[in-house]
Amino acid sequence: MLRSLRSGQSLFSFASIRKTLRVSSRGGGRGAPGYYSAMTTNALHAGAKPVAFPGSGPALRVERLDKRYGGRAIVDGLSFQIARGECYGLLGPNGAGKTTTLRSVLGLTPIDGGVIRLLDHDVPAQARQARARIGVVPQMDNLDPDFTVEENLLVFGRYFGLADAEIRRRIPGLLEFASLESKRTARINELSGGMKRRLTLARALVNDPDLIVMDEPTTGLDPQARHLIWERLKTLLGRGKTILLTTHFMDEAERLCDRLGLVDHGRMIAEGAPQELIARHVEPEVVEVFGDDAFAWLERHRAAMPGRVEVSGETVYCYTAEPERVLSYLRDGGRLRYLHRPANLEDLFLRIAGRDLRE
Amino acid sequence: MSEQVMRPSGAGIWGLPRPGRGCIPVLRRNFLVWRKTALTTILGDVMDPMVALLALGYGLGSLLPGIDGVPYVTFLAAGSICMGALYAATFEATYSAFSRLHIQRSWDAMLNTPLSLDDVVFAEILWAAAKSMKSGLAILLVVAALDISRAVTLLWIPLVLALIGVAFAALALVMSALAKGFDFFMYYFTLGVTPMVFLSGVFFPVSQLPDALVQAARLLPLAPAIELVRPLVLGRVPDHPWAHVLQLAATAAAAVWLASALMRRRLLR
């Protein structure tokens, strides 16, 4: 089933049905979670048209959020907004305030100022009602080691007040989504890191949430496992879910996010679509020059170098709109190696946050 | 509004806890784990106190004159019941609860759902109290089975055990809220639990202690428990029962409140 959904075409029709079903099943209360029904009725409703998302406001609105620990501002007047169905990434170095922002949004910490409106609920006052419609994938796996894969889903579903029968009905779909069908009765310590991550993601979907909050979803995973998680997140976006994630992997942010907020020292320093942000703040192309003679080469050509030059470690970064000129300077020999590439989020990030190590 | 600190629970750290139905799925979670190892733990609950009661009660007791005309094994029975309940509640709410809180991070997972911290804290206290009740009842059954006592008044003991369970579970959870690691519990056991067991009349009457200690020992939370259970084992109505019940209930209430508050301070920072 999932395999057939991976192409863009079927994903789109799937998403449309998802939206239709969600709206039509709203009167039915908690039962009949949209996408499980959609899995079985996909073929029948292939021509369904997209319908507006339920709920009125944005998925999340954060205004002038302040959070201090011992007089030190961790989050400092942060504002951002996430539309329904959007994937929004909070990007920043360690200690930038990303995790604290997520904790504030979930109503798990008192805030020192600001307004948080989450799925039409005020946080922290109505945080519990809001959390009923949210799935959280924490930074550190906290699956229950005493239980099997299946029991983890069952026990977690109960926390949302779901009846056992309802959770058991959902479990096969969740296991399929996480590609863990064969691990149904395995214990947690028998799973690989990637499997645990997928199970944590499946667990976050047990309440069929509108918004999924993920704190560094792929930290510590190998490349294959990361790609599988990314693919699953895209599937979820295709189903109309809203995603808020934090990351410090630029490729992850660039690949997944519709919009990004760059956070440093608890403040929003830039916000927008990934490509738009890069275009706005960084020169379009980068030539990285390294090798024994790199610094000598830089000294010879510095005056004539087009654009901006930065040195970090043993590498010279030339940010420029005229890469041909830089490349022509490279022809004068010496022990040099170089990499010519388009500017990416990492360049943007380093440009804005600086290259200093944050510890 | 912007000047005021806004808290998740709506109340401050020191506000009264307000648990709800969210306790139930947490209790069911712990029950599901327990069910997997139930047989071995029940064996321990019955065998351990039985061996201790037999060895000390009959072995050591045969060397001793009766205490106030009561055979030592009968005297010790009440102490064993209370001590069993105390240790069961304390182990569950320290090592086991702390493991779920700090090592497995199960509490973090729960707090990401509609459950409140008060729900989780209350469920842990009730769960540890339930395990305490189970241990106390196991010893009570041994006492009845070996005909150490078959007084009708034994039937009141489960009610006392419920109070003991909540009080010592909550006290232990206070320690979990303060703990940085498992080592911390050594302080509680060595400086709190063990001296309390020796000073509260489990193994010998409190009146054997020096006068100055007697008054202090009566303030220990285990003392009223034994003052209630011992007469019930001997088939008598305790003296001043409501004073002891009140002391236990006040300890329980204060500890529950303190555990909730310290957990808020620890987790909802």
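What comes next concerns the included structure. (Residues numbered from 1 in each chain as written. Chains lettered and ligands numbered in written order. Predicted model: local features only at pLDDT ≥ 70, side-chain atom pairs only at ≥ 80, totals over all residues. Heavy atoms only, no water.)

### Overview of helix α11 (residues 274-281) of chain A
All names here are of chain A.
Okay, so step 1: Taken residue by residue, α11 has Pro274, Leu277 and Ile278 as its buried positions. When α11 is viewed along its axis, its buried side chains cluster within an angular range of 100° and face the same direction. Exposed side of α11, more than 90 degrees from the buried face: Gln275 and Ala279 are the residues found there.
Okay, so step 2: Buried positions along α11 lie against α10 (250-256), β9 (259-264), β10 (267-272) and α14 (345-353). (Buried < 20%, exposed > 50% of the residue type's maximum accessible area, 1.4 Å probe, protein only. Helix = DSSP H or I, 4+ residues; strand = E, 2+ residues; numbered from the N terminus. Arc of directions from axis to C-beta. Contact = heavy atoms within 4.5 Å.)

### Overview of a nonpolar patch on the surface
Okay, so step 1: On the surface, a nonpolar cluster with roughly 420 Å² of combined accessible area is contributed by Trp14(B), Leu16(B), Trp257(B) and Leu258(B).
Okay, so step 2: Relative to the helices and strands, Leu258(B) is located in helix α10 (residues 241-267). (Patch = residues over 30% accessible without salt bridge, like charges linked within 9 Å, V, L, I, M, F, W, Y side chains within 5 Å. Areas by Shrake-Rupley, 256 points an atom, 1.4 Å probe, with all protein chains shown as cover. Salt bridge = Lys/Arg side-chain N within 4 Å of Asp/Glu carboxyl O.)

### A short note on the packing of aromatic side chains
Okay, so step 1: All chains considered together, the criterion is met by 21 aromatic pairs over all chains.
Okay, so step 2: Ring plane angle 45° and centroid distance 5.9 Å describe the contact between Trp14(B) and Trp257(B), whose orientation is recorded as tilted. Taken together, the positions of Trp14(B) in the segment before α1 (23-36) and Trp257(B) in helix α10 put the pair 243 residues apart, joining distant regions of the chain.
Okay, so step 3: With a relative accessible area of 32%, Trp257(B) lands in the partly exposed category.
Okay, so step 4: One aromatic cluster is present, formed by Tyr87(B), Phe91(B), Tyr95(B), Phe98(B), Phe182(B), Phe184(B), Phe185(B), Tyr187(B), Tyr188(B) and Phe189(B) through successive ring pairs.
Okay, so step 5: Over the aromatic face of Phe177(A) sits the side chain of Arg232(A), whose NZ or CZ is 5.7 Å from the ring centroid. (Phe/Tyr/Trp six-rings, centres within 6.5 Å; stacked < 30°, edge-to-face > 60°. Lys NZ or Arg CZ within 6 Å of the ring centre and 35° of its normal.)

### Digging into the layout of surface pockets
Okay, so step 1: In this structure, the largest pocket encloses a volume near 1,100 Å³.
Okay, so step 2: In terms of lining, the largest pocket is formed by 39 residues, of which the most central are Thr99(A), Thr100(A), Arg103(A), Gln139(A) and Asp215(A).
Okay, so step 3: Breaking the lining of the largest pocket down by element, the ones donating at least two residues are β2 (72-82), α4 (98-105), β6 (134-137) and β7 (211-215) of chain A together with α3 (72-103), α4 (106-111) and α10 of chain B.
Okay, so step 4: In terms of residue count, α4(A) provides more of the lining of the largest pocket than any other element does, five residues in total.
Okay, so step 5: Across the lining of the largest pocket, the residue classes break down as 17 nonpolar, ten polar and twelve charged.
Okay, so step 6: What the second largest pocket holds in volume is close to 680 Å³.
Okay, so step 7: Taken together, 32 residues line the second largest pocket, and the ones lying closest to its centre are Asp45(B), Tyr87(B), Ala88(B), Phe91(B) and Ser135(B).
Okay, so step 8: Secondary structure elements with two or more residues in the lining of the second largest pocket: α1, α2 (38-60), α3 and α5 (117-145) of chain B.
Okay, so step 9: It is α3(B) that contributes the most residues to the lining of the second largest pocket, eleven residues altogether.
Okay, so step 10: Grouping the constituent residues of the lining of the second largest pocket by class yields 14 nonpolar, ten polar and eight charged. (1 Å grid on protein atoms, 1.4 Å probe; cavity = no way out; pocket = protein on both sides within 12 Å on 5 of 7 lines; lining within 4 Å. Points joined across faces, edges and corners; volume = space filled by probe spheres on them. Nonpolar A, V, L, I, M, F, W, Y, C, P; charged D, E, K, R; others polar.)

### Re the sheet that holds β2(A)
The pairing of strands in a sheet happens through backbone hydrogen bonds and is either parallel or antiparallel.
All names here are of chain A.
Okay, so step 1: With antiparallel pairing, four strands are arranged side by side in an open sheet as β2-β1-β4-β5. Pairing within the sheet leaves two strands with one partner each, and these edge strands are β2 and β5 (121-123). On average, adjacent strands in this sheet sit at an angle of 25° to one another, irrespective of strand direction.
Okay, so step 2: Relative to β5, strand β4 (residues 113-118) runs antiparallel, the two sharing three bridges. Residue pairing across strands places Ile116 opposite Val123, the latter belonging to β5.
Okay, so step 3: Its contacts with the sheet place α4 against β1 (60-69), β2, β4 and β5, and it is angled at close to 115° to β1. (Pairing = 2+ DSSP bridges. Axes fitted to C-alpha atoms, helices over the stretch in contact; angles between N-to-C directions.)

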